[in-house]
Amino acid sequence: QVQLVESGGGLVQAGGSLRLSCAASGIIFGINVMGWYRQAPGEQRVMLATITSGGITNYADSVKGRFTISRDNAKNTVYLQMNSLKPEDTAVYYCGARRRFKNDGMDYWGEGTLVTVSS
């Protein structure tokens, strides 16, 4: 019922920036929280940043001060501005969405977009 499509990944040098976008479509009226996760090869998927419908944000310690999550409710889109990228940021980045009245986890996922940071 909810589709998420990520875009904006690519190859960037260490210290550079990328802006990821996640466009949501379908029946989205019940979505409260959206967020960004990433998964490196051989690693588990980890939360990077979340944002509620009211604009409350939460960040993983690894990206605080470097990444910024935002959303445009009119466009049903969430963004992740990534600055000061490091090689260890290389991963597949996933957009997720959570329904209202849930405290954690995600109910919907995009297919991911690859971010590669070269040194």
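Up top is the structure.
Residues numbered from 1 in each chain as written. Predicted model: local features only at pLDDT ≥ 70, side-chain atom pairs only at ≥ 80, totals over all residues. Heavy atoms only, no water.

Draft legend 1. Layout of the state of the cysteines. On inspection of all chains with the given rule, the structure shows one disulfide. Two residues, Cys-22 and Cys-95, share a disulfide whose sulfurs are 2.0 Å apart. For the disulfide bridge between Cys-22 and Cys-95, the dihedral angle about the S-S bond is near -80°, and by the sign convention the bridge is left-handed. Here Cys-95 lies in strand β9 (residues 91-99) and Cys-22 lies in strand β3 (residues 18-26), a separation of 73 residues in the sequence. Cys-95 sits in the buried class, given a relative accessible area of 0%. (Disulfide = S-S within 2.5 Å. Helix = DSSP H or I, 4+ residues; strand = E, 2+ residues; numbered from the N terminus. Buried < 20%, exposed > 50% of the residue type's maximum accessible area, 1.4 Å probe, protein only.)

Draft legend 2. Structural detail: the pattern of salt bridges. Summed over all chains, the structure comprises four salt bridges. Residue Asp-89 pairs with Arg-38 through a salt bridge whose shortest N-O separation is 2.8 Å. Residue Asp-89 is located in the loop between β8 (77-82) and β9, and its partner Arg-38 is located in strand β4 (residues 31-39); the two are separated by 51 residues in the primary sequence. For Asp-89, a relative accessible area of 0% gives the class buried. Of the residues examined, Arg-38 reaches a relative accessible area of 12% and is grouped as buried. As a salt-bridge pair, Lys-64 and Asp-61 come within 3.1 Å of each other at their nearest N and O atoms. By sharing partners, the salt bridges in this structure join Arg-38, Arg-66 and Asp-89 into a single network. (Salt bridge = Lys/Arg side-chain N within 4 Å of Asp/Glu carboxyl O.)

Draft legend 3. Local environment of the packing of aromatic side chains. Counted under the stated rule, the structure contains one aromatic pair. A centroid spacing of 4.9 Å and a plane angle of 80° characterise the contact between Tyr-37 and Trp-109, whose relative ring orientation is edge-to-face. Here Tyr-37 is found in strand β4, whereas its partner Trp-109 is found in strand β10 (residues 108-109), with 72 residues between them in sequence. The class for Trp-109 is partly exposed, based on a relative accessible area of 34%. In this structure, Arg-45 is placed above the aromatic ring of Tyr-94, and the distance from its NZ or CZ to the ring centre is 3.6 Å. (Phe/Tyr/Trp six-rings, centres within 6.5 Å; stacked < 30°, edge-to-face > 60°. Lys NZ or Arg CZ within 6 Å of the ring centre and 35° of its normal.)

Draft legend 4. Structural detail: the nonpolar core. Residues Leu-4, Met-34, Trp-36, Leu-80, Met-82 and Tyr-93 are the most contacted members of the largest nonpolar core, which totals 29 residues. Contributions of two or more residues to this core are made by β1 (2-7), β3, β4, β5 (46-52), β7 (67-72), β8, β9 and β11 (113-118). (Core = buried A, V, L, I, M, F, W, Y, C linked by side-chain atoms within 4.5 Å.)

Draft legend 5. View of the side chain of Arg-38. A polar side-chain atom of Arg-38 sits 2.9 Å from a polar atom in the side chain of Tyr-93. Residues in contact with Arg-38, not counting those within four places in the same chain, are Gln-44, Arg-45, Val-46, Leu-48, Ser-62, Val-63, Phe-67, Glu-88, Asp-89, Ala-91, Val-92 and Tyr-93. (Polar contact = N/O pair within 3.5 Å; in protein donor to acceptor, adjacent residues only side chain to side chain. Contact = heavy atoms within 4.5 Å.)

Draft legend 6. Looking closely at the environment of Glu-6. With respect to the secondary-structure elements, Glu-6 resides in strand β1. Here Glu-6 falls in the buried class, since its relative accessible area comes to 10%. Spatially, the C-alpha atom of Glu-6 lies 15 Å from that of Ala-49, the residues being 43 residues apart in sequence. Look past the residues within four positions of Glu-6 in its chain and what remains in contact with it is Ser-21, Cys-22, Trp-36, Tyr-93, Tyr-94, Cys-95, Gly-110, Glu-111, Gly-112 and Thr-113. A polar contact of 3.1 Å, which involves the side chain of Glu-6, links it to the backbone nitrogen of Glu-111.

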